[in-house]
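Descriptive analysis of the structure
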Amino acid sequence: AAHPIAPSLHSIPLAEMPWPRRTVAALLAAALAGRILPAAGRKPKPGDMPKGMGMPPGLAGGPPWRQAIDKVFTEACSMNRGAPSVFCFPEKKALLNALQVEQFGIDMTGETYLMDVYVVVNQLLMWPPGWILLIDVLDPKEPWTRPFCDKIIGGPWWQFVPVVRKSFITPRTTLVQLEKDAPHVAAGMTRWLEDIRKSGNAHTQKLIKEFKDNDAEDAKSRRCTARPMMRMMQQVHAKAVQHILGTACKGSKPAMAKFMQNDMNGLTVLHHVASLGDAAGAKAILKGLPKASRAEFIGRRDKAGYTAEDWARLGDFNDTVEAIGSFLKKGESEGDTEGAPTPEAEPTAVPEPATHFPAAGADDEAATCGSDSASAACSSSLLGHGGWRAPTNAGIPSAWLPPSEQPCALDAIEVSQFDIDVFLAHYMLHPRPLLVRGGARLPAELARNFTKPRLLELAAERKAELHRFPTEREFDGSKPQVKTLEEYVESLEQRAEGAASKKLHFMYSRLLPEESYLNFSAKLPPILDGKVDHIGSAFFLGGTLMGVPPHHKAPTASSLAFGRKLWFLEPPGREVVMHETAYQHLVRTGGAPSARRCLQEAGDLMFVPRGWTQSWICLGDCIGATHEFSHTNWDLRD
């Protein structure tokens, strides 16, 4: 299970590993093996890599300065007692002393030593407490700083995107709760907050106060909103980015040329920070650019036609839109208008992605497939409701439902219109939800596995953990109900319509590779199978008003075999995790009024991109599968 505050995938191994045995050697081995790729996705050629690496297989018996660096990094994480955490605190004086190697006769401008500096810089970028130390490590007065900018940052295999696209901690539980569940992480975070409070300016201190006030309110409201923590971390991280661009590497033509490059999808570093809603990062990047280059850089479009401002609007990151727009204002010191009102930026022409799909035909089977159709493509519809309780909106407050004239407030297409290239470019990379009507429809022999009689035939004895909401065990210690699937189906049949809100335990079971009972539901829908990287699947089964409260995660495609689901979605700028049932959340909020609603019918496929907050409830019985997936080129993972 993911840690309640998840470190980046890159930093977990480093925080868990004993430094002297693994870290520096692993990073250098990764570089030599070509895992650190140059911009635009080009694999490094043998001549691209720095010469004279000659690294020993381990660090035992290595040069004294490397042993000293290892000692600093080992002690930095000592407060975590071996548990994974990104809150490690390197001692500045000891680290800087370890980097001074004149007494060993080492050329501190040569590529061999500069790779040692690279390892240090890379590690500091992985730890929030290490970000501010980059200002000292890459001080222009140090003999290695300018060569590092010219030869490493400006070299052919360095990528600047991972520097700006860091995995900011996205909290899924409050600091109050974390103090109970993971005290070592809470202690590290508390120490870091105090450090940046002492060293930060008034704006940073304001962000800390907003985070703490929000955290206290979240603890009372059984929720965790992510943005206050993320804004605070982005502010601190931006100081390191601005130092690298505007101070350490100022005047370095190779570093600036690397920084100005577009990646394989045509994205600049400004596109990347805009996609994260990182207003502070956008300001840091643009301040680091020559004024004469800013307008051109801001106006660059990626290969699909999106500017950085378009990316920010996709995520509902209005502060990032304003931050970028402030650098286009005339007669002012661009970007230095913090706290001052900013005129509305002129919207750019955001492409309408649904228009890139082929038009639906008049005889589109996906659109006309009904219960009386006998065609092979529609054969699953002959199964009716599969023996499950029929979907109904009866008893659902009208404030919860979408208007009848627009049952889905998202882009929606028929399965015959689906085009994988359009989907990857305009929905997965540029994050938008998409409803594909008929996208989860199966041939009758496969769809029959989801019917009640066949499901009981296949998996009656399978044990299932039933939860009111997915995080209840971690949040309040509630134990799940454990029943066989046959017992659970019987309990669904016995639920009284008028008392549906009182029994909300539902089945949401992640399918392991060795799953035998429900393995028929683990396969990706045909329109995605073999075209994306399948991460895993989960089987779900529930009744009226059961479902999942607001949460956010990796890209998912939810296949609904039978029933009806009512979805509520919010863009990335409004990340929240609720620790209560979906029904309780809707009652308390009056139907989640700010969310975009969409009705998903049997046979439909709902795609929810990375970062979007999602929630849903069943309207009647609903059964199907949720699939998590990614893509090497089209999923912006940190």
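Keep in mind it's a predicted model, so treat the numbers as computed, not measured.

**Observations concerning the overall build of the chain**
Secondary structure summary: the chain contains 26 helices and 15 strands in total. A burial count over the chain gives 56% of its 638 residues as buried. Summarising the internal contacts of the chain: among those between residues at least 6 apart in sequence, 79% fall at separations of at least 24. Entry remark: accessible area of the chain is about 26800 Å², with carbon and sulfur atoms responsible for 54%.

**A short note on the packing of helix H11 (residues 183-199) against helix H13 (residues 227-248)**
Contact geometry of H11 with H13 gives a least axis separation of 12 Å together with a crossing angle of 55 degrees. It follows that H11 is oblique to H13 by the angle criterion. Viewed along their axes, H11 and H13 form a crossing whose handedness is left-handed. Here H11 contributes Met189, Trp192, Leu193 and Ile196 to the contact with H13, which in turn contributes Met229, Met232, Met233 and Val236.

**Brief notes about the pattern of salt bridges**
Under the counting rule described, the total for this entry stands at 28 salt bridges. Put simply, Arg222, Arg468, Glu472 and Asp476 are held in one network by salt bridges that share partners.

**With respect to the nonpolar core**
Within soluble globular proteins, side chains that are nonpolar tend to cluster in buried spots. Judged by nonpolar contacts, the single largest core of 96 residues is most densely connected at Val137, Phe148, Phe160, Trp192, Met232, Leu270 and Ile285. Once residues within four sequence positions are removed from consideration, Leu270 is found in contact with Ala282, Ile285, Leu286, Phe297, Ile298, Ala308 and Ile324. Core analysis: the next-biggest nonpolar cluster, separate from the first, contains 49 residues, Cys408, Met507, Leu541 and Met606 among them.

**A word on the pairing of strand S7 (residues 533-542)**
Examined bridge by bridge, strand S6 (residues 506-511) and S7 share 5 bridges and lie antiparallel to one another. Directly across from Arg510, in S7, lies its bridge partner Ala538. Note: S7 against strand S15 (residues 622-630), 9 bridges, orientation antiparallel. Its bridge partner lying in S15, Gly536 is registered against Glu628.

**Here we look at unusual backbone geometry**
Peptide bonds are trans in most cases, and residues, glycine excluded, mostly fall at negative phi. The phi dihedral of Arg222 is positive, around 55 degrees, even though this residue is not glycine. Considering the arrangement of structural elements, one finds Arg222 in the loop between helix H12 (202-221) and strand S1 (223-225). The exposure class assigned to Arg222 is partly exposed, which follows from its relative accessible area of 28%. Of note in this structure, Asp316 is not a glycine but carries a positive phi near 65 degrees. Note on placement: Asp316 falls in the loop between helix H18 (308-314) and helix H19 (318-325). You can call Asp316 partly exposed: its relative accessible area is 26%.

**Concerning the confidence of the model for the chain**
In the predicted model, the chain carries a mean pLDDT of 84, and the fraction of residues at 70 or more is 83%. Here residues 1-61 scores under 50 on pLDDT; set against residues more than four positions off or in separate chains, the count is 105 contacts. Low pLDDT, under 50, characterises residues 336-345; the stretch is placed with 14 contacts to residues that sit more than four places away or in other chains.

**Considerations on the sheet that holds strand S12 (residues 596-601)**
Pairing is antiparallel across the open sheet formed by 4 strands, whose spatial order is S8-S14-S10-S12. Of all strands in the sheet, those with a lone pairing partner are strand S8 (547-552) and S12, marking the two edges. The sheet shows a mean angle of 15 degrees between the axes of neighbouring strands, direction not considered. Strand direction decides the pairing type here: strand S10 (residues 564-570) and S12, joined by 6 bridges, are antiparallel.

**Topic: the packing of aromatic side chains**
One pass over the structure, following the stated rule, counts 19 aromatic pairs. Ring geometry for Trp400 versus Tyr583: centroids 5.9 Å apart, planes at 65 degrees, classification edge-to-face. Here Trp400 is found in the loop between helix H20 (365-368) and strand S2 (411-414), whereas its partner Tyr583 is found in helix H26 (residues 582-589), with 183 residues between them in sequence. Taking the relative accessible area as the measure of exposure, Tyr583 reaches 23% and is therefore partly exposed. The ring of Phe540 is capped by Lys565, whose NZ or CZ atom sits 4.1 Å from the centre of that ring.

Parameters and conventions
Residues numbered from 1 in each chain as written. Predicted model: local features only at pLDDT ≥ 70, side-chain atom pairs only at ≥ 80, totals over all residues. Heavy atoms only, no water. Helix = DSSP H or I, 4+ residues; strand = E, 2+ residues; numbered from the N terminus. Buried < 20%, exposed > 50% of the residue type's maximum accessible area, 1.4 Å probe, protein only. Contact = heavy atoms within 4.5 Å. Areas by Shrake-Rupley, 256 points an atom, 1.4 Å probe, with all protein chains shown as cover. Axes fitted to C-alpha atoms, helices over the stretch in contact; angles between N-to-C directions. Parallel < 35°, antiparallel > 145°, perpendicular 65-115°, else oblique. Left-handed = near helix turned anticlockwise from the far one by under 90°. Salt bridge = Lys/Arg side-chain N within 4 Å of Asp/Glu carboxyl O. Core = buried A, V, L, I, M, F, W, Y, C linked by side-chain atoms within 4.5 Å. Pairing = 2+ DSSP bridges. pLDDT = per-residue confidence, 0-100. Phe/Tyr/Trp six-rings, centres within 6.5 Å; stacked < 30°, edge-to-face > 60°. Lys NZ or Arg CZ within 6 Å of the ring centre and 35° of its normal.

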